[in-house]
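# A look at the structure
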Amino acid sequence: MATITELEVGRVVGAPLDRKEDAALLTGQAKFVDDMSLPGMVWMAVVRSPYAHARIAMVNVDGALAHRGVIAAFSGDELADEWQASLPCAWLPTEDTAQPNHRPLAVDEARYVGDGVAVVIAESRSEARDAAELVQIDYDPLPTVIDAEKALEDGSPLVHEEFGTNRCYTWNLATGEVDEEFAKADVTVKERYRQQRLIPNAIEPRGVIVQPFPATGELTMWSSTQVPHIARVTLSMVTGVPEAKLRVVAPAVGGGFGSKLNVYAEEALALVLARRLGRPIKWIEQRSEGYQSTTHGRDQIQEIELAATSEGKIRAVRAKLTVNFGAYLQLVTAGTPLLGAWLYSGAYDVAAYDFECTGVFTNTTPTDAYRGAGRPEATYAIERAVDALARKLGKDPLEIRRLNFLREFPATIASGLTVDSGDYDAHLDAALEILDHDDIRRQQSERRERGDTKQVGIGFSTYLEMCGLAPSRVLGAIRYGAGGWDAATIRFLPTGTVQVLIGTSPHGQSHVTTFSQIVAERLGIPYDDVEVLHGDTAVAPLGMDTYGSRSLTVGGVAAYHAAERIIDKARKIAAHQLEVGEDELEYENGTFSGNGNSLTTKELALQAWTAHNLPDGMEPGLEASFVYDPPNFSWPSGTHIAVVEVDTETGDVDLIRYVAVDDVGSVINPRVVEGQIHGGVAQGIAQALWEEAVYDEDGNLVTGSMMNYMVPSAAELPSYELGRTETPSPTNPLGVKGVGETGTIASTAAVMNAVVDALVPFGVTDLDMPATPERVWRALEEART
Amino acid sequence: MDPVSRKTITVDVNGERYERELDARRLLIHFIRDDLDLTGSHIGCDTGNCGACSVLVDGTLVKSCMMLAVQADGAKIETVEGLAADGELNGLQQAFSDHHALQCGYCTPGMLMSATALLRENKSPSEDEIRKGIQGNICRCTGYVNIVEAIRAAAQ
């Protein structure tokens, strides 16, 4: 491990530096929302519907109001006038997308178990919760629909009566001669897969504190969020608090994985109630409460068809999704499956493409982004379908993959986007070498021949992902409500240390470390002289926050360009003071030299501050901002390989090896990159093998707490064998592609292909996630009979 | 509704003595966090599964959301705040940093206490023993690989 003392100043990009974030987190000094309290602060508790669908006949808060410590209690009806707009949905993919009015508390009808119905404010946490139980509510239960396909059937109960249908929208993307390709294909495969519903489980539950300043009308909100900037804009619209009077702070945030890429009812409630009562309000989610009220992920039925030649060349892909949106549209519920819309042809050169997605309302918790958001689903479908094609043709799945790889870059893929760079053979070769592929295949054959109880399966995923969200113009074209740019400001302080204000908002991704490396390297100053400030709209007002593997590829590049602007200005001052032409100055490692003299950026920062001797007309100070709008998405790729041992008597699946070779472009901090891959892979393995959110027919979340929703521990997961190849992105000066979602995007397909590979000799090829012992055992039993 | 019954307890936390009157129903984690302002121990669930609230009570690893504060009356409690007693990270904390064993860091205090208990019982645990030793602590960020390596390094 390298430490800063071993490194030359200005040579820190690419080094596995210690994280600046660690000390506070390791000592318990980091402040998460629940670690904060304010003088006069009171607590909020939300009363939630126990019915998945019910008319709210009566709400009586008198019992709660009579309870010790209670300050106020309100029904949804009593707060209805507070709302200037629905809770935000930033992405309505079609003109006819059905958008329900989503109030922070339900009025008239509750539409999922957990839908907020009333709210109680009390002096303490326990008093608020006790009193919440004393709110009397009469419900008239209504018919319920949980399953997305059933919700589309005629006569289904309607989640939102006013639309006359549960269909939210249908969205299409088609290129090339798809029908012709299918008509003339030597072989076709048609597969149906299920992406089960997942609960993201960021380990810090959500929480919010709002401090009002009644005299000025200002409000400050601390929230466990990935998106303080988006929250500020949208909550201003929801509550009518002028945006300029609203400050949103994301303090230390304990993971998000998409579940905090949202603007929630409790944030809006805390804002309006703090405004109304004139006291600071705190709400902290309980985990099992969060299972109902924080967005879920995935929940799709995928139908995918491939048309191919007899050699295995894929000519066309058809994909059709039916996606369960739950009861309402949260921030990006409707757009989440579409983030995969361009990727159902995977890493392959395909001529024709047809994608269709139908979103459906049901009486369940809303779904939204979960790590990878749309792209893990796409990768899973195409990578499993490629294996199905290989089986049908009796060919090696690797042969099919190599036959179809995109090889010339930039490459325009079937869905119409342009992949900037890559070398897919390189990461596949590297992964096979780590695996010792021939040896594993030999072991597999031996076990098959012996008829061992425990059979080995090997599964591949050669994925392509689309990250770095996103070019604003593209977002506009697909009807997303905001831009995809991000911002950075670099400010030299007079004594030579530097503040970097960034618009992305980390919750575990090491932005402080990584952005420090970028800026320290470019400005030629010590890593420890850089302070990165984030997650506070008063400190860094411009930003689009953190999701979609965008922080480095968009925000990091903004920081790079801001540093270039600093250098440009410093160069002008240096040229003036050294009395040489600007282009006669050499710049290296933070030092300008020319005419036998030199000045460092640090010295120039002091000169810029005193302003005693600047070029005529130059503004004092050494500070620069840059807002970067990426010209393209970024395109990480890689090969993941899973090796499993399946007990054919019990159905138990043991993941014995996991190899991941990823090409995420240039790397700023290899240790951070590895950590991101580890975590993503763990989440993908967990989807493949264990995790599933289950509702009963009445809409009760059966997996209602961590007792019965399996989040894996260290005891269930293996170590991973990592490798890396590198094709720098040509579209940004850092060459970076993003790494936050790689692991989940790649891994479910690798694991499930491995499980199926072990079971093929038993006639099992149709198997859904999670591959629990029961599901595997049942599949084997069915195949035997 | 009847007023909640109150009780006075005395505990030693990280070498400091505290006497407090509290609701008899108060959970140990709320006592530590809200009454003593030691907010390093976190709450990640309400069912005793996640381990973010892990502390040592008289040397025994405890999920402090599963214990009433009154049950800890007279006990010696160790929390994450006591690990870097002299202002320097201890060996285990340093190993976590060296091996990038934390990302968001929310589970980390509980994980550190769990590892502390493990290493007191077993000076040189195998990978398997480490994985089983921390299976009561959920980390959603790291995939555990680097946590396991950090604990192994700290053991040496």
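### A look at the interface of chain B and chain A
- Listed per partner, the contact involves 47 residues of chain B and 56 residues of chain A.
- When chain B packs against chain A, the two sides together hide about 4,300 Å² of surface, and 55% of this comes from carbon and sulfur.
- Put simply, chain B and chain A have five salt bridges between them.
- There are 28 residue pairs in polar contact (both at pLDDT 80 or more) connecting chain B and chain A.
- Among the secondary structure elements, those contributing two or more residues to the side of chain B that touches chain A are α1 (28-35), α2 (91-98), α3 (108-121), α4 (127-133) and α5 (145-155) of chain B.
- Among the residues making up the side of chain B that touches chain A, the classes are represented as 20 nonpolar, 18 polar and nine charged.

### A look at the domain arrangement of chain B
All names here are of chain B.
- According to the domain assignment, chain B consists of domain 1 (6-82) and domain 2 (91-155).
- Relative placement of domain 1 and domain 2: their C-alpha centres are 21 Å apart.
- Taken together, the contacts link 16 residues of domain 1 with 14 residues of domain 2.
- Interface area for domain 1 against domain 2, summed over the two sides, is near 1,200 Å², with a carbon-plus-sulfur share of 59%.
- Taken together, the links from domain 1 to domain 2 amount to one salt bridge.
- Note that Arg120 and Glu78 form a salt bridge whose closest N and O atoms lie 2.6 Å from each other.
- Of all the elements in the fold, those that place two or more residues in the side of domain 1 that touches domain 2 are β3 (54-57) and β4 (60-63).
- Partitioned by chemical class, the residues of the side of domain 1 that touches domain 2 number seven nonpolar, seven polar and two charged.

### Quick word on the nonpolar core
- Counting 208 residues, the largest nonpolar core has A:Phe355, A:Val755 and B:Phe96 as the members making the most contacts within it.
- Of all the elements, helix α19 (residues 742-759) of chain A adds the most residues to this core, at nine residues.
- Look past the residues within four positions of B:Phe96 in its chain and what remains in contact with it is A:Leu26, B:Ala101, B:Leu102, B:Thr108, B:Met111, B:Leu112, B:Ile147, B:Ala150 and B:Ile151.
- By size, the runner-up hydrophobic cluster in this structure holds 51 residues, among which are A:Ala15, A:Phe492, A:Leu523 and A:Ala562.

Rules used in this analysis
Residues numbered from 1 in each chain as written. Chains lettered and ligands numbered in written order. Predicted model: local features only at pLDDT ≥ 70, side-chain atom pairs only at ≥ 80, totals over all residues. Heavy atoms only, no water. Contact = heavy atoms within 4.5 Å. Buried area = accessible area lost by both parts, 1.4 Å probe. Salt bridge = Lys/Arg side-chain N within 4 Å of Asp/Glu carboxyl O. Polar contact = N/O pair within 3.5 Å; in protein donor to acceptor, adjacent residues only side chain to side chain. Helix = DSSP H or I, 4+ residues; strand = E, 2+ residues; numbered from the N terminus. Nonpolar A, V, L, I, M, F, W, Y, C, P; charged D, E, K, R; others polar. Domains from an automatic or database assignment. Core = buried A, V, L, I, M, F, W, Y, C linked by side-chain atoms within 4.5 Å. Buried < 20%, exposed > 50% of the residue type's maximum accessible area, 1.4 Å probe, protein only.

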